[in-house]
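Survey of secondary and tertiary structure
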Amino acid sequence: MTLGSEAAPAKSSIINDPQIRAIFYQIVALIAVLWFGWSIWDNTQTNMEARGIASGFGFLESTAGFGIIQTAGLEYSEESTYGQAFLVSLINTIIIAFTGVVAATILGFIMGVARLSHNWLIQKLATAYIETFRNIPLLLQIFFWYHAVLKPLPSPRSIYERGEEIAFGINNRGAYMPDPVFGDGSNLIWIGLIVGIIATIVIDKWAVKRQMNTGEQFPVFYTGLGLIIGLPILGYLMATVFMGSSPVTFEYAVMKGFQLDGGFVIIPEFIALFIALSVYTAAFIAENVRSGIQAVSHGQTEAAHALGLRNGPTLRLIVIPQALRVIIPPLTSQYLNLTKNSSLATAIAYPDLVSVFAGTVLNQTGQAVEIIAITMAVYLSLSVGTSIFMNWYNAKMALVER
Amino acid sequence: MSKAYVNDERHPDLPPPASTVGAVGWMREHLFSSPANILMTVVSIGLLAYVVPPMVSWLFTSAVWSGGADACRANPDAACWTFVGARFDQFVYGFYEKTERWRVDIMLILLFAGIAALVYEKTPGRKWIGMFMLIGYPILSWIMLLGGDWGTPNISLYNVIVVLLPIVGIALLSYDRLPSARTIGIVLTAFYLLAIALLLGLTAAGKTELWIGSTVIYSLVRLDTIIITLIPFLGLFALTKSGEMERRGTIGIAMLVVFAILVLGFFFDLPAPSSLDMTLVDRVVVVSMVEVPTKQWGGFMLTLVIALTGIVASLPLGVLLALGRRSNMPAIRVLCVVFIEFWRGVPLITVLFMASVMLPLFLPPGVSFDQLLRALIGVALFSAAYMAEVVRGGLQAIPKGQYEGADSLGLTYWQKMRLIILPQALKIVIPGIVNTFIGLFKDTTLVLIIGLFDLLGAVQASIADPNWNAKSVAYTGYVFTAFVFWVCCYGMSQYSRYLERKLHTGHKR
């Protein structure tokens, strides 16, 4: 028996070598994409020249010449530049996204838990809520709140006398409430708040350490709550005593001419968008919460009970941490969806990024390429940032299997 | 002997306590089990009592069911259903030509019949109906809705080559056990020989044009065209001679390269074949209907057009992107990841803005799409990215052993995917796919922002009509639209849940 007679591996054509084929395909794909990109670039250049559209980002420096109805406390007037308009609209997007996320999370968690309630009626109501709002297009909901509910409200002219002061009120110009003015001495309130927060953090660290060492527990939550609410109130009282008058005064909206002036105003566009976004997204979050809680096997609860934990600690220490591991990834994508959906603001002219920047500024300057690119870049960086954070979070929370 | 008392009959079960069975028991358990529960129940009943009766009254009992706008103005606190009745046609068809609406009706009936046949599981030939709904129906509806003249294009030899070549090449490449490759090769060779002989003969005869009636059979032949035509001929000749698998692959690739050259010829105008008119057949018109431009499309019909186009385009694109993302080739993978993440990262509205504002800038001067087509491209690419992620989930869920098993059987990549992996992966993600469809269906409403009148757009426009300026009109319009969308989306989601239950055999808690 000889071993030398093994046949040499059959020589095959280069074309059948999977590695060479792979390289070939990739080169073809890259060339196709490059060619595609180049032809788009080239066509755009030609078309823009033919239509006399300027290019470059110089337009950000020129005067905008239009007003924005919600400037979020930033300095903005018709003399401001497009760059400032961009900034204001970006802030407006962030405001609606942030408030929407907070409201949708709270409502979504309540509805998700309610859907698992043992109370039949509550469970059915939550189900009805989820199934109704999840299956109606968001834009329709925004239109409903804006055009059907808020716009037909009476105008301030028709309900208020000239010179009348309004504390709280809602009309077709928005919801009005007193605007707090922080005068001298109000620093004490802020100092109280900051000290309260820092103290709570320190106490929490100390309490954890003590529990680790001695097993004794400390009511951190109530102490913290007391500090964070109590210290600013203390600061307020001190300021009142020292200054002889309250450091915080309220400015009311006043009927001047045909419209209301002053006060703290929430524009109807914001209200409609806020309600629609949070109600719609909450329905999705509720489903995520439900499936997250259901994903924790019942054995975990039973085991916790067997260890002697009561219902509260079982939920807090055993079920919720495990449910969160399931809930948080889809929850983040809901947050991203909400942020992206906030761009529907443009349909009711809430001055967000798409409405102001990709709308008014685009129409005025005609520089579609730059403006759409900036707008997309903002949303893209938001979602890429969130994805990176999520990957990091997932890696941190993932079960370590040994 | 003592007599023990032993009961030799089983005592009948006592009935359960009255408070745990029947309506009372159910209510005790589900509504009044604890003080907190009682409170919640009371609050819920209060809420229902506060909301439901006014709602029923608004929707039905005091609603305006007949009369005109005046009836609605007279009764502002109830639904104005006559408004929906008066505008119903516009809600369904938009501004579609009145006399041509039967075409829309036919397509709608066909759509509902098709869906019904697909949902009902015992329909014979479901697979074929599904294929038709995915491929045939969109083409048919495009023809029917747009109208105009439809038939064969002006067929020239060049067209024939350009169309046939890649089909042959790809068929040979993918279907490598073709039994009659030899016969097909001989037929094709004969065909090319004939075509070329015709060209050469006519050139030799000094004819620059040949007409039969009004049909141009042939005009000026150029050398480059002949060369281009010769290459596939040689390839096919080699193929019929060898018939070996290995070479056949080579030949297929060679054909694709030739095809690429031909296509590039179109774009760069290098060999200038487009200046050549080699018309074999003048246009044959098969269907002739009044053309209804897409500007007039609207209402629920437009909603369906956009949603269905998005669905049909996004599935194959999404599968390809998902495969690309899971590919071993780094360049392909990066391209797919960038594509997917880009579309998923931006809001649909900016995509639509881009499609309507920027797409005309991207195209070569002189080429333009109409507004609807631009929106459709945007929607299709957008939903393809979402679909890709859903399909990727399915691909990842298939155990590695399946991939390795297919490899060890010696299947090629496409065989492995087509026969082993995709059938399993797609089955797993059917609920996810349906959910993407639901999202897409709801998102179609966004096209109204770029000036297309879908259902919501039609309703929005009708509400603004000063003839119908009653207070209840806006509410009624939105409630009606919401109901239509809700029925569609809820139906789809229930179907997806049903499928999930059906496909999820075992592993139930």
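These numbers were taken from a predicted model, which means no experiment stands behind them. (Residues numbered from 1 in each chain as written. Chains lettered and ligands numbered in written order. Predicted model: local features only at pLDDT ≥ 70, side-chain atom pairs only at ≥ 80, totals over all residues. Heavy atoms only, no water.)

With that out of the way, let us pick up a nonpolar patch on the surface. All names here are of chain A. On the surface, a nonpolar cluster with roughly 980 Å² of combined accessible area is contributed by Ile 197, Ile 201, Phe 221, Tyr 222, Leu 225, Ile 228, Ile 229, Ile 233, Tyr 236 and Leu 237. Listed by contribution, the elements that provide at least two residues to the nonpolar patch are helix H6 (187-214) and helix H7 (220-243). If you tally residues by element for the nonpolar patch, the top one is H7, at eight residues. Note on placement: Ile 201 falls in helix H6. (Patch = residues over 30% accessible without salt bridge, like charges linked within 9 Å, V, L, I, M, F, W, Y side chains within 5 Å. Areas by Shrake-Rupley, 256 points an atom, 1.4 Å probe, with all protein chains shown as cover. Salt bridge = Lys/Arg side-chain N within 4 Å of Asp/Glu carboxyl O. Helix = DSSP H or I, 4+ residues; strand = E, 2+ residues; numbered from the N terminus.)

With that settled, the discussion passes to the pairing of strand E6 (residues 253-256) of chain A. Residue and element names in this part refer to chain A. Of the two faces of E6, the one lined by Ala 253 and Met 255 is fully buried and the one lined by Val 254 and Lys 256 carries no buried residue. Relative to E6, strand E1 (residues 165-166) runs antiparallel, the two sharing two bridges. Opposite Ile 166, over in E6, you have Ala 253 as the bridge partner. Between E6 and strand E7 (residues 259-261), which pair antiparallel in sequence order, lie two residues; one of them, Gly 257, sits at a positive phi of approximately 60°. (Buried < 20%, exposed > 50% of the residue type's maximum accessible area, 1.4 Å probe, protein only. Pairing = 2+ DSSP bridges.)

To continue, consider the domain arrangement of chain A. What the domain assignment lists for chain A is domain 1 (54-176 + 265-401) and domain 2 (179-251). The centre of domain 1 of chain A, based on its C-alpha atoms, is set 30 Å off from the matching centre of domain 2 of chain A. (Domains from an automatic or database assignment.)

Another aspect to go through is the domain arrangement of chain B. Residue and element names in this part refer to chain B. Taken as a whole, chain B is organised into domain 1 (24-61), domain 2 (124-283) and domain 3 (295-452). Across the boundary between the two partners, domain 2 contributes seven residues, which contact nine residues of domain 3. Linking domain 2 with domain 3 are zero salt bridges. Between the two partners, domain 2 and domain 3, sit zero residue pairs in polar contact (both at pLDDT 80 or more). (Contact = heavy atoms within 4.5 Å. Polar contact = N/O pair within 3.5 Å; in protein donor to acceptor, adjacent residues only side chain to side chain.)

To continue, consider the confidence of the model for chain A. Keep in mind that low pLDDT regions are not for reading the predicted coordinates in detail. All names here are of chain A. Mean pLDDT over chain A works out to 84, with 95% of the residues at or above the 70 mark. The least confident element of chain A is E7, whose mean pLDDT is 74; the most confident is helix H8 (residues 268-295), at 93. pLDDT under 50 marks residues 1-7. Its contacts with residues more than four places away, or in other chains, come to zero contacts. (pLDDT = per-residue confidence, 0-100.)

Ranked by size, the top nonpolar core spans 169 residues in total, and within it Phe66(A), Trp297(B) and Leu395(B) carry the most contacts. Take this core: its biggest share by element is 14 residues, from H8(A). If we ignore the near neighbours within four places in the chain, the residues touching Phe66(A) are Tyr76(A), Ser77(A), Glu78(A), Tyr82(A), Ala85(A), Val356(A), Thr360(A), Val361(A) and Gln364(A). (Core = buried A, V, L, I, M, F, W, Y, C linked by side-chain atoms within 4.5 Å.)

Before going further, it helps to examine the packing of aromatic side chains. Within this structure, the stated rule accounts for 30 aromatic pairs over all chains. Aromatic pair Tyr129(A) and Phe133(A): ring centres 5.1 Å apart, planes at 45°, arrangement tilted. Taken together, the residues span about one helical turn, with Tyr129(A) and Phe133(A) both in helix H3 (residues 120-134) at a distance of four residues. Here the aromatic rings of Trp206(A) and Phe218(A) are separated by 5.2 Å at their centres, their planes lie at 80°, and the arrangement is edge-to-face. With Trp206(A) in helix H6 and Phe218(A) in the loop between H6 and H7, this residue pair connects regions lying 12 residues apart in the sequence. Phe218(A) gets classed as partly exposed once you look at its relative accessible area, which sits at 30%. Taken together, the ring pairs in this structure connect Phe143(A), Phe144(A), Trp145(A), Trp58(B), Tyr475(B) and Tyr478(B) into an aromatic cluster. (Phe/Tyr/Trp six-rings, centres within 6.5 Å; stacked < 30°, edge-to-face > 60°.)

Next up on the list: the UniProt feature "domain: ABC transmembrane type-1" (unreviewed entry) in chain A. Under the feature "domain: ABC transmembrane type-1" (unreviewed entry), the UniProt entry names residues 90-390 of chain A. Secondary structure content for residues 90-390 of chain A is 71% helix and 9% strand, while the C-alpha to C-alpha distance between its ends is 23 Å. (UniProt positions renumbered as here; feature names shortened; annotations may be inferred.)

Further remarks concern the UniProt feature "transmembrane region" (unreviewed entry) in chain A. As annotated by UniProt and renumbered to match this structure, "transmembrane region" (unreviewed entry) occupies residues 22-41, 53-73, 85-114, 126-146, 188-208, 220-243, 263-286 and 371-393 of chain A. This span, residues 22-41 of chain A, is 100% helix and 0% strand, and a straight line between its end C-alpha atoms measures 28 Å.

Another aspect to go through is the interface of chain B and chain A. At the interface, 60 residues of chain B touch 62 residues of chain A. In total, about 5300 Å² of surface goes out of reach between chain B and chain A, with carbon and sulfur atoms giving 72% of it. Counting the contacts that link chain B with chain A gives 17 residue pairs in polar contact (both at pLDDT 80 or more). Secondary-structure elements contributing two or more residues to the side of chain B that touches chain A are helix H1 (22-30), helix H2 (35-61), helix H10 (245-268), helix H12 (330-345), helix H13 (348-362), helix H17 (430-443), helix H18 (455-463) and helix H19 (471-503) of chain B. Here the element with the most residues in the side of chain B that touches chain A is H19(B); it accounts for 11 residues. Among the residues forming the side of chain B that touches chain A, the class breakdown is 42 nonpolar, 11 polar and seven charged. (Buried area = accessible area lost by both parts, 1.4 Å probe. Nonpolar A, V, L, I, M, F, W, Y, C, P; charged D, E, K, R; others polar.)

A turn of α-helix holds 3.6 residues, and therefore any two residues three or four places apart point the same way. Here helix H5 (residues 101-119) of chain B spans 27 Å end to end across 19 residues, near enough to the 27 Å set by a 1.5 Å rise per residue. Looking only at H5(B), the buried set comprises Arg101(B), Arg103(B), Val104(B), Met107(B), Leu108(B), Leu111(B), Gly114(B) and Ala117(B). (Expected span 1.5 Å × (residues − 1).)

Tallied over the entire structure, the rule returns one disulfide over all chains. Here Cys488(B) is not cross-linked by a disulfide; its sulfur's nearest cysteine counterpart is in Cys489(B), at 6.4 Å. (Disulfide = S-S within 2.5 Å.)

Picture the strands of a sheet paired through backbone hydrogen bonds; they go either parallel or antiparallel. Residues and elements named next belong to chain A. Spatial ordering of the open sheet is given by E2-E3-E8, a layout of three strands whose pairing is antiparallel. Whereas interior strands pair on both sides, the edge strands pair on one side only; in this sheet they are strand E2 (169-171) and strand E8 (264-266). Each neighbouring strand pair of the sheet contributes to a mean axis angle of 20°, computed without reference to strand direction. Packing of H8 onto the sheet brings it into contact with E2, strand E3 (174-177) and E8, and relative to E8 it is tilted by some 50°. (Axes fitted to C-alpha atoms, helices over the stretch in contact; angles between N-to-C directions.)

It is worth spelling out the pattern of salt bridges at this point. All names here are of chain A. In this structure the tally under the stated criterion is 17 salt bridges over all chains. Taking the shortest distance from any N to any O, the salt bridge between Glu 131 and Arg 134 comes out at 3.8 Å. One end of the pair, Glu 131, and the other, Arg 134, are both in helix H3, three residues apart, so they sit about a helical turn from each other. The pair formed by Glu 131 and Arg 134 is uniform in burial state, with each residue classed as buried.

Right, let's talk about the UniProt feature "domain: ABC transmembrane type-1" (unreviewed entry) in chain B for a bit. Here the UniProt-annotated "domain: ABC transmembrane type-1" (unreviewed entry) positions come out as residues 300-489 of chain B. For residues 300-489 of chain B, the helix share is 79%, the strand share is 0%, and the end-to-end C-alpha distance is 14 Å.

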